[in-house]
Amino acid sequence: MAAGTISRIRLENFMCHSSLHIELDQHVNFITGQNGSGKSAILTALCVAFGCRAKNTQRAASLKDFIKTGCSYAAITVDINNHGEDVFKPEVYGDTIILERRITESAGSTILKDQHGRKVAHRKDDLNEIIEHFNIEVDNPCVIMSQDKSREFLHSGNDKDKFKFFFKATLLQQVNDLLATIRDNLNIVDSIVEDLEASIRPALRELDEIQEKIKNMEHIEEIAHEIENLKKKLAWSWVYDVDKKIGEQEETLEKLKERIPACQERIDRNTAIIEELRKEFIVKTENFKSFSEKTQEARRMKEKMDHDIREAVKLKMDLEKEHARGRQVLNKMNARVRQLEEQVNEFELQHMQQTQAEVSQVEDSIRELQQEINSAHLNATRLNEEEKKSSEELRGIIKNISDIGKEIEDDGCRINQLKSQIDDLRRRQHDKQLASDFWSIAIECALGSFLDAFIVSCHKDLLVLRECAKEVNYRNLQIIIYDFAKPRVQIPCHLLPSTPHPTVLSVIHSELPTILNVLVDQRHAERQVLVRDDEMGMSVAFDQRIRNLKEVYTSDGCKMTVVLQKQINYQEQVSNHFINLEK
């Protein structure tokens, strides 16, 4: 079957049909039956399925009138072939388009399905698109002629009615209606055009005035052209001056080239010095490790000495206590001897007549007392000697501890020196990278608009850069002309601020010496000192009276201008220094 032909019709509760299923052949199909059997209902169902209004079928006043009596709905299903030539969206519908029209008491709906029964669309525009594609015109009597229209055409003897039928069958009626609609739209457009012409007339008058002004401006354009010529002449004069300066700079460049070997020799010397410093750093590191080990050993010896001192002090206290007890015993014995001597003297005076036996007894007592006295003297002597020996040992221990303490202090000093040297070497390697981040705000405040400036080598480049900026509407362009051939300016120490604080020049790093030279010439970056806080800034700017100091900036960007009673003409000194370098 060709695409667009109807292969199957299914009716449910439509007019007189409760359920009807018809398979159609690909060629001509004849439907026969008695009167009132529902032949015309099948044709009416096709018209309703393809969107015809109920009144145009001349069989009912509304769609709900097509529902069979006693039923609540009616359904029409039409299968349209969609294979062969002139198919409609085969990738969406497949080989068959299923049109399903459902009518209820309140409304009607149209659903389009693919060959598998899946819902694809439901809008009336989609149905109209299929009808237009397959050229299905249910309102055209040449396509579908109902009994009423056949009867009307055959029984009408009026030529005018027949012409109306022909007019409608050949779609001339539809074309006529379209032409009438187009004619109305053209009338509306004509009125809109007239209104627009009326609104344009003031603009045309303004255009005439502007053209008159343009004629008056032609003279100004001639003057502007003459100004452009003068600018070009001025530019060429600048080019001549720049060429002259270039010749002078080339001579200076030749002189500087002659200085390259000396600079290279200096670089080699500095490289050798750096290598020596690296070796010295390695030696210092090894010495630091050695001194650390010695310090640990000395600390262990010191702890041992402290323990010996505590033991010696304890022994000394015990000896002192024993010595004190010996002295007390000796004093008691001396007092007893004196008492006995007094008793002996009294006894000799009073009892000269006593017997020899009593005298011998007294002499024995005296000899015993004398022995006790001698023993006490020996104990006291021994205790004194032990005390002297302990004191000497204690003094020796104290002296040793003092010597060890001095050695520890000396080792600590050497270790601190080594740490300081190591930190200094490390700081030399890392401080430059860290300083730029820490002082970024202060540097932005110190340099200001110079951070947006451009540096060129000649006036020609300046003009080219200005033209480029003008093309992109970049205003307030700051351009500095400087000799790129000049080497890095070496500023003598006596022209720098005498302060340990960094300067803007010292924390800025650039591989191009021209940038640093411009900062020195234009902004005096070597005289702008950076401090951490306001208190230090006040001290540096106003209290210390530092020479060659221009401005002080804190880390948060606060600026302090230095005011001295006797200011030094620093710029003149730097200029003289540059002149001497060029010579």
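Residues numbered from 1 in each chain as written. Predicted model: local features only at pLDDT ≥ 70, side-chain atom pairs only at ≥ 80, totals over all residues. Heavy atoms only, no water.

Colleague: Give me the lowdown on the overall build of the chain, citing residues and values where you can.
Modeller: The helix and strand tally for the chain stands at 14 helices and 11 strands. Looking at the 583 residues of the chain, the share that counts as buried comes to 27%. Partitioning the intrachain contacts of the chain with sequence separation of at least 6 by distance along the chain shows that 62% fall at a separation of at least 24. (Helix = DSSP H or I, 4+ residues; strand = E, 2+ residues; numbered from the N terminus. Buried < 20%, exposed > 50% of the residue type's maximum accessible area, 1.4 Å probe, protein only. Contact = heavy atoms within 4.5 Å.)

Colleague: So what's going on with the sheet that holds strand β4 (residues 96-104)? Which residues, and what values?
Modeller: On the basis of which strands lie adjacent, the open sheet formed by six strands has the order β2-β1-β3-β4-β5-β6 and antiparallel pairing. Looking at which strands have only one partner, the edges of the open sheet turn out to be β2 (17-23) and β6 (119-121). When the angles between neighbouring strand axes are averaged without regard to direction, this sheet yields 20 degrees. Where strand β5 (residues 108-113) and β6 come together, two bridges link them in antiparallel fashion. Bridged to Leu112 within β6 is Ala121. (Pairing = 2+ DSSP bridges. Axes fitted to C-alpha atoms, helices over the stretch in contact; angles between N-to-C directions.)

Colleague: Residue-level account of the nonpolar core, with values.
Modeller: Among the nonpolar cores identified, the biggest contains 37 residues, and Phe14, Phe50, Ile76, Val78 and Phe134 are the most heavily contacted of them. When contributions to this core are tallied by element, the ones reaching two or more residues are β1 (6-14), α1 (39-49), β3 (73-81), β4 and α3 (124-134). Once you skip the residues sitting within four places of it in the chain, Ile76 turns out to touch Arg10, Leu11, Phe14, Ala45, Val48, Ala49, Leu99, Glu100 and Arg101. Residues Ala453, Leu495, Leu519 and Tyr553 belong to the second largest nonpolar core, which totals 23 residues. (Core = buried A, V, L, I, M, F, W, Y, C linked by side-chain atoms within 4.5 Å.)

Colleague: Outline the pairing of β2, supporting the account with residue identities and numerical values.
Modeller: Strand direction decides the pairing type here: β1 and β2, joined by six bridges, are antiparallel. Among the inter-strand pairings, Arg10 is bridged to a residue of β2, identified as His21. Connecting β1 to the antiparallel partner β2 that follows it, the hairpin turn spans two residues, and Met15 within it adopts a positive phi of roughly 55 degrees.

Colleague: How would you summarise the confidence of the model for the chain if you had to cite specific residues and measurements?
Modeller: Of all residues in the chain, 79% have pLDDT values of 70 or greater, and the mean over the chain is 79. Ranking the helices and strands of the chain by mean pLDDT puts β3 first, with 92, and helix α14 (residues 570-582) last, with 48. Low pLDDT (under 50) marks residues 564-572, which in the prediction has 15 contacts with non-local residues, meaning those over four places away or in another chain. (pLDDT = per-residue confidence, 0-100.)

Colleague: Would you mind going over a negative patch on the surface in detail, with residue names and values included?
Modeller: A contiguous patch of negative charge, built from Glu248, Glu250, Glu251, Glu254 and Glu258, is present on the exposed surface. When you line up the elements, Glu258 lands in helix α6 (residues 172-258). (Patch = residues over 30% accessible without salt bridge, like charges linked within 9 Å, V, L, I, M, F, W, Y side chains within 5 Å. Areas by Shrake-Rupley, 256 points an atom, 1.4 Å probe, with all protein chains shown as cover. Salt bridge = Lys/Arg side-chain N within 4 Å of Asp/Glu carboxyl O. Lys, Arg positive; Asp, Glu negative; His and termini not counted. Charge placed at Lys NZ, Arg CZ, Asp CG, Glu CD.)

Colleague: Now, about the pattern of salt bridges: what can you tell me, with residues and values included?
Modeller: Side chains that carry opposite charge are capable of pairing whenever their charged atoms lie near each other. One pass over the full model with this rule turns up 11 salt bridges. Residue Arg8 is joined to Asp79 by a salt bridge in which the shortest nitrogen-to-oxygen separation is 2.3 Å. With Arg8 in strand β1 and Asp79 in strand β3, this pair connects stretches of sequence that are 71 residues apart. For Arg8, a relative accessible area of 24% corresponds to the partly exposed category. By relative accessible area, Asp79 is classed as buried at 3%. As a salt-bridge pair, Glu129 and Lys89 come within 3.7 Å of each other at their nearest N and O atoms. Of this pair, Glu129 sits in helix α3 while Lys89 sits in the loop between β3 and α2 (90-93), placing them 40 residues apart in sequence. Residue classification places Lys89 among the partly exposed positions, given a relative accessible area of 34%. Connected via shared salt-bridge partners are Arg8, Arg10, Glu23 and Asp79.

Colleague: Give a detailed account of helix α9 (residues 440-447), specifying residues and quantitative values.
Modeller: Taken together, the buried positions of α9 are Ala442, Ile443, Ala446 and Leu447. Down the axis, α9 shows its buried residues gathered within 120 degrees of arc, on one side only. Packing partners of the buried residues in α9 comprise α11 (504-507), α12 (513-523), β9 (528-531) and β10 (551-554). Backbone geometry just downstream of α9 places Gly448 in the positive-phi region, at approximately 60 degrees. (Arc of directions from axis to C-beta.)

Colleague: Could you give an account of the pairing of β1, with specific residues and numbers?
Modeller: Successive side chains on a regular strand alternate, one facing one side of the sheet and the next facing the other. The sheet contact formed by β1 and β3 spans six bridges and is antiparallel. By the bridge assignment, Ile6 is partnered in β3 with Ile80.

Colleague: Run through the packing of aromatic side chains, naming residues and quoting values.
Modeller: One pass over the structure, following the stated rule, counts two aromatic pairs. When the ring of Phe14 is compared with that of Phe66, the centres are 5.3 Å apart and the planes differ by 20 degrees; the resulting orientation is stacked. Taken as a pair, Phe14 in strand β1 and Phe66 in the loop between α1 and β3 lie far apart in primary sequence, 52 residues in all. Here Phe14 matches Phe66 in class, with each residue buried. Of note, Arg102 hangs over the ring of Tyr73, and the distance from its end group to the ring centre comes to 4.2 Å. (Phe/Tyr/Trp six-rings, centres within 6.5 Å; stacked < 30°, edge-to-face > 60°. Lys NZ or Arg CZ within 6 Å of the ring centre and 35° of its normal.)

Colleague: For the sheet that holds β9, give the residues involved together with the corresponding values.
Modeller: One open sheet accounts for three strands, arranged β9-β10-β11; its pairing is mixed. The open sheet has two free edges, formed respectively by β9 and β11 (559-561), since each of these has just one partner strand. Across this sheet, the average inter-strand angle for adjacent strands is 25 degrees, counted without regard to direction. Two elements, β9 and β10, share four bridges in a ladder whose sense is parallel. By the bridge assignment, Gln528 is partnered in β10 with Glu551.

Colleague: I'd love a proper account of a nonpolar patch on the surface, names of residues and values included.
Modeller: Together, Ile188, Ile192, Leu196, Ile200, Leu204 and Leu207 line one region of the surface with nonpolar side chains, adding up to about 530 Å² of accessible area. With respect to the helices, strands and loops of the structure, Ile192 is situated in helix α6.

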